[in-house]
Amino acid sequence: MSKKGQKKHIRCKFCGKPAVERLKQYRLSLCRDCFIQFYERQVERALKKYGVVRSGERVLACVSGGKDSSAMLAVLKELSEKFDFSLEALHIDLGIEKDSYSEKSLKTTEEICRLLEVELNVVDIADYGIRLESFGRKKCSACGTVKRYIMNRFARENGFDCVSTGHTSDDIVAFFFRNWLSGNFDWSIKFLPRTEGFDRIVTKIRPLYFLSEKENALYCVCRGLPFLMDSCPYAPEDEWKEIVYDIERRKPGFRRQFVINLVRYLSRTDSRDVEFRHCSICGEVTTSDVCAFCRLRETAKRRLKQNRSQANS
Ligand code: SF4
Ligand code: ZN
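Residues numbered from 1 in each chain as written. Chains lettered and ligands numbered in written order. Predicted model: local features only at pLDDT ≥ 70, side-chain atom pairs only at ≥ 80, totals over all residues. Heavy atoms only, no water.

A.B. asks: Would you mind going over the overall build of the protein with me for this structure?
C.D. replies: When its secondary structure is counted, the protein shows 9 helices and 10 strands. The C-alpha atoms of the protein give 21 Å as radius of gyration, which agrees with the globular expectation for 313 residues (20 Å, within 12%). Its C-alpha atoms give the protein principal-axis dimensions of roughly 80 × 45 × 40 Å. Relative to its 313 residues, the protein shows a buried fraction of 49%. Summarising the internal contacts of the protein: among those between residues at least 6 apart in sequence, 71% fall at separations of at least 24. Element-wise, carbon and sulfur atoms account for 48% of the exposed surface of the protein, whose accessible area totals about 17600 Å². Distance between charge centroids for the protein: 6 Å, based on 57 positive and 43 negative side chains. (Helix = DSSP H or I, 4+ residues; strand = E, 2+ residues; numbered from the N terminus. Rg over C-alpha atoms; globule rule 2.2 N^0.38 Å. Buried < 20%, exposed > 50% of the residue type's maximum accessible area, 1.4 Å probe, protein only. Contact = heavy atoms within 4.5 Å. Areas by Shrake-Rupley, 256 points an atom, 1.4 Å probe, with all protein chains shown as cover. Lys, Arg positive; Asp, Glu negative; His and termini not counted. Charge placed at Lys NZ, Arg CZ, Asp CG, Glu CD.)

A.B. asks: Could you clarify how one ought to interpret the coordination of the zinc ion (ligand 2) in this entry?
C.D. replies: Octahedral metal centres with six donors ideally show angles of 90 or 180 degrees, and tetrahedral centres with four donors ideally show 109.5 degrees. Around the zinc ion (ligand 2), the protein contributes the donor atoms Cys279 (SG), Cys282 (SG), Cys291 (SG) and Cys294 (SG), at 2.2 to 2.4 Å from the metal centre. Around the zinc ion (ligand 2), the 4 donor atoms sit at angles spanning 105 to 114°, and that spread fits a shape best called tetrahedral. All donors of the zinc ion (ligand 2) belong to a single chain; written as a sequence motif, their spacing is C-x2-C-x8-C-x2-C. Cys282 shares its class with Cys279; the two are buried. (Donors = N, O, S within 2.8 Å, 3.2 Å for Na, K, Ca; no water. Tetrahedral: all angles 85-135°; square planar, octahedral: opposite > 155°, others 65-115°.)

A.B. asks: What is the right way to read empty space enclosed by the protein from this model?
C.D. replies: Left-over empty space is what a probe sized like a water molecule reveals as it rolls over the atoms. Inspection of every chain in the model, using the stated rule, returns 1 cavity of 30 Å³ or more. Roughly 40 Å³ of volume is contained in the largest cavity. For the lining of the largest cavity, the per-class residue count stands at 2 nonpolar, 4 polar and 4 charged. (1 Å grid on protein atoms, 1.4 Å probe; cavity = no way out; pocket = protein on both sides within 12 Å on 5 of 7 lines; lining within 4 Å. Points joined across faces, edges and corners; volume = space filled by probe spheres on them. Nonpolar A, V, L, I, M, F, W, Y, C, P; charged D, E, K, R; others polar.)

A.B. asks: Would you mind going over helix H7 (residues 239–250) with me for this structure?
C.D. replies: With 12 residues, H7 should reach 16 Å at 1.5 Å per residue; the first-to-last C-alpha distance of 17 Å fits that figure. Turning to H7, its buried residues are Lys241, Val244 and Glu248. Seen end-on, H7 carries its buried residues on one side only, within an arc spanning 55°. Projecting away from the buried face of H7 at angles above 90 degrees are the exposed residues Glu239, Arg249 and Arg250. Between a side-chain oxygen at the N-terminus of H7 and the backbone nitrogen of Trp240 the separation is 3.2 Å; the capping residue is Asp238. (Expected span 1.5 Å × (residues − 1). Arc of directions from axis to C-beta. Polar contact = N/O pair within 3.5 Å; in protein donor to acceptor, adjacent residues only side chain to side chain.)

A.B. asks: I'm lost on the pairing of strand E5 (residues 119–124) in this one. Help?
C.D. replies: A regular strand carries its side chains on alternate faces of the sheet. As paired strands, strand E4 (residues 86–93) and E5 are joined by 6 bridges and run parallel to one another. Its bridge partner being in E5, Glu88 is matched across the sheet by Glu119. Tracing the backbone out of E4, into helix H3 (residues 101–116) and back to the parallel element E5 gives a crossover that is right-handed. (Pairing = 2+ DSSP bridges. Right-handed = clockwise from strand over helix to strand, strands pointing away.)

A.B. asks: Is there a simple way to think about the side chain of Ser134 in this case?
C.D. replies: Tracing the chain through its elements places Ser134 in the loop between E5 and helix H4 (139–157). Since its relative accessible area comes to 17%, Ser134 is described here as buried. If we skip the residues at most four places from it in the chain, Ser134 touches Ala300 and Arg303.

A.B. asks: What am I meant to see in the environment of Lys251 here?
C.D. replies: Here Lys251 is to be found in the loop between H7 and helix H8 (254–269). Judged by relative accessible area, Lys251 falls into the exposed class, the value being 56%. Separated by 219 residues in sequence, Lys251 and Arg32 have C-alpha atoms that sit 25 Å apart.

A.B. asks: Help me understand the environment of Ile247, please; the structure alone is not making it clear to me.
C.D. replies: Structurally, Ile247 is set in helix H7. Of the residues examined, Ile247 reaches a relative accessible area of 26% and is grouped as partly exposed. Residues Ile247 and Ser182, 65 residues apart in the sequence, show an inter-C-alpha distance of 20 Å.

A.B. asks: How should I be thinking about the pattern of salt bridges in this particular structure?
C.D. replies: Side chains that differ in charge, positive against negative, can pair when their charged atoms come close. In this structure the tally under the stated criterion is 25 salt bridges. Linking Glu40 and Arg223 is a salt bridge whose minimum nitrogen-to-oxygen distance equals 3.8 Å. In this pair, Glu40 sits in helix H1 (residues 32–49) while Arg223 sits in helix H6 (residues 213–223), placing the two residues 183 residues apart along the sequence. On the accessibility criterion, Glu40 (15% relative accessible area) is buried. The exposure class assigned to Arg223 is partly exposed, which follows from its relative accessible area of 26%. (Salt bridge = Lys/Arg side-chain N within 4 Å of Asp/Glu carboxyl O.)

All we've got here are geometric facts, nothing functional implied.
Below, the structure is given as structure tokens:
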């Protein structure tokens, strides 16, 4: 027992070295090296159990430079040989000038790709005639549509088999609450660890489905990987995420158990009978005549024209 006034060092459960973190949901304290191994084993198990990535596939990992996508890129690189897939990164330059966010985001992505020796592809949304500034208070939802569209199109046009994103268990549980409470049940089918592609839609994979944001940040720190700490200046307050963190604090392991059971349930009920057509402007898959991306692009063009004529008058 420690003497009064003396700091008690928590030891790693596996090797006895000083622990860097106590993972409450697993009732484990681990040192730096054992945490790295533990984290990679968690991802490896998920890849195997849910058939997330297949032998010979070309994976395109979408990287913003934040903790989740940086951790995803690093762990995929680590496991790429074992699972026999090839890996490249895609960064979408959102042109966010506020707080130099996009500039920092690109710089961090370049740094991590250089460090991990992963080829980086960069697409600028300005090349599609889009500026997020023109969407007023709807910047975030416009951004989501633009990113999904570009990821899919870039992957397909460049021969990738799947697009990998850094969604975490925090994201999945928050999506679940938000959508179920607003009566939208269709979203969940699209959010499995692997969602098969169809028609012009490329397969989506989520290797960090069972990991938390905190574990991803810790993995980056333990491996000395660069990641951007700034949040996007347009990020809205996410009350559902706060609620998820709060439940996790009170019930450690809730989040992980939730996503495990969600996948179990969805795999049994998965039935994709969504009707789709092709956008009359760009030809991509959509459920209406013109896809959400092309509608956004039209709005952006209209607003640009309005601004120009106002400036000239
Ligand atoms: Fe895009 Fe920023 Fe919103 Fe994320 S938070 S969707 S990067 S605008
Ligand atoms: Zn379109």
